[in-house]
Every structure is written in structure tokens, then in C-alpha cells.
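Secondary and tertiary structure notes
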Amino acid sequence: QGQRRILCRMLEESLYSGQGERALFLISTLGSMGTDTAMIHYWNARAAWSAGLPELAINTLEQIYSADPWLNSRARGTAHLYRGNPEEACSCFLVSLAQAETMRRQFWSSMDLCLAYLQQGSPGEALWLSRMMVDGFPGDALAPVIYGLSLNASGHHAEAAGVLSSAGSGSTSA
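Residues numbered from 1 in each chain as written. Predicted model: local features only at pLDDT ≥ 70, side-chain atom pairs only at ≥ 80, totals over all residues. Heavy atoms only, no water.

1. Details of the pattern of salt bridges
Tallied over the full model, the rule gives nine salt bridges. A salt bridge links Glu 62 to Arg 83; its shortest N-O distance comes to 3.0 Å. Here Glu 62, found in helix α4 (residues 54–62), pairs with Arg 83, found in helix α5 (residues 69–83); they are 21 residues apart in sequence, far enough to count as distant. The class of Arg 83 is partly exposed, set by a relative accessible area of 43%. Through salt bridges that share partners, Arg 9, Glu 13, Arg 104 and Asp 140 make up one connected network. (Salt bridge = Lys/Arg side-chain N within 4 Å of Asp/Glu carboxyl O. Helix = DSSP H or I, 4+ residues; strand = E, 2+ residues; numbered from the N terminus. Buried < 20%, exposed > 50% of the residue type's maximum accessible area, 1.4 Å probe, protein only.)

2. Notes on the nonpolar core
Counting 26 residues, the largest nonpolar core has Leu 11, Leu 30, Tyr 42, Trp 43 and Leu 61 as the members making the most contacts within it. Secondary structure elements with two or more residues in this core: α1 (2–16), α2 (20–32), α3 (37–50), α4 and α5. In terms of residue count, the dominant contributor to this core is α3 (eight residues). (Core = buried A, V, L, I, M, F, W, Y, C linked by side-chain atoms within 4.5 Å.)

Shown next, in the form of C-alpha cells:
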């Protein structure tokens, strides 16, 4: 279980940093560990999106059904986000946040929700949530990135530049 959790974190970071080949390798490694098929489909859909295959990504996400309600909500929200339907994405990500049983899942649901808020044109909500992420996950390099993006969308350009210029100092994904 611990190895799968670490691989999933590495997968998120690979996808955010645009390392598609690494992501595909990690997905195949997860598959060989007996990981839930729905989770493998979720990662394949995210990799497809990163590779510029939006319809494949969306169709795959919409067909995911898992015994894990968090994964189902996150997959639906991600499909809505990819379709450009941020209101529905926000609803799904709020549900996934409520269903998150671990701090790491709370982090990823919060990241998803911030992206949906930004796409929706609600930078105030994204700013509030991203600030909570920075405070709640001080060691995570992606939290300051979403905070900086939220600051920028809220019109705080100088502060955003400062946050973003220092955010990626130790993390490829950031």
C-alpha cells in the first residue's frame, strides 16, 4: 500500500512536470502491483490529456467506476474540468474533498478544486484554498505554485511573481 501511495505521488508530479514517458512507466509499474483497474484507467486518462489526446482522456474518465468513491468523484470532476465545465468540476471536487480519507488525497482534491475555481473565474475561492494548502502542506512544492497562480488570477501580480519565482527551487513538478 505504501509503495502504491508513493508511486501515485510520483505519477502526479510526473504529469504536472510534463514527463509523459516517466508517467507511463509508473502507470505500468502500478498495474503490475495489482492496483485497482479503475485507478490505472484514471492515470492513463491523465497521461492521455498530457499527451494532447483530450477526447480519449475525457471518454476514459467518464467510464471509470470504482469501489472507491473518492476516485469516482475525482474522475468525474477531472472529466468536467477537461471539458471546460468548471461548475460541475467544482461540485465533483468538493465531493472528492469530503471523501478524501488521507491527507494526500485531501491535497490532490484541493489542487483539483483550485484549478476548477480558476477555470470558473473564481480566483477568490482559489486564493483562499491555495493559501490553506500552503499552510497545511508546507513541504509540498506544488502548493506554492497553485497559490502563486491564484494570486496572479486575483490581480496580485507582484506577489504572485515572488511566490512563483521561488516555488520550483527543489521540485521538477513545481
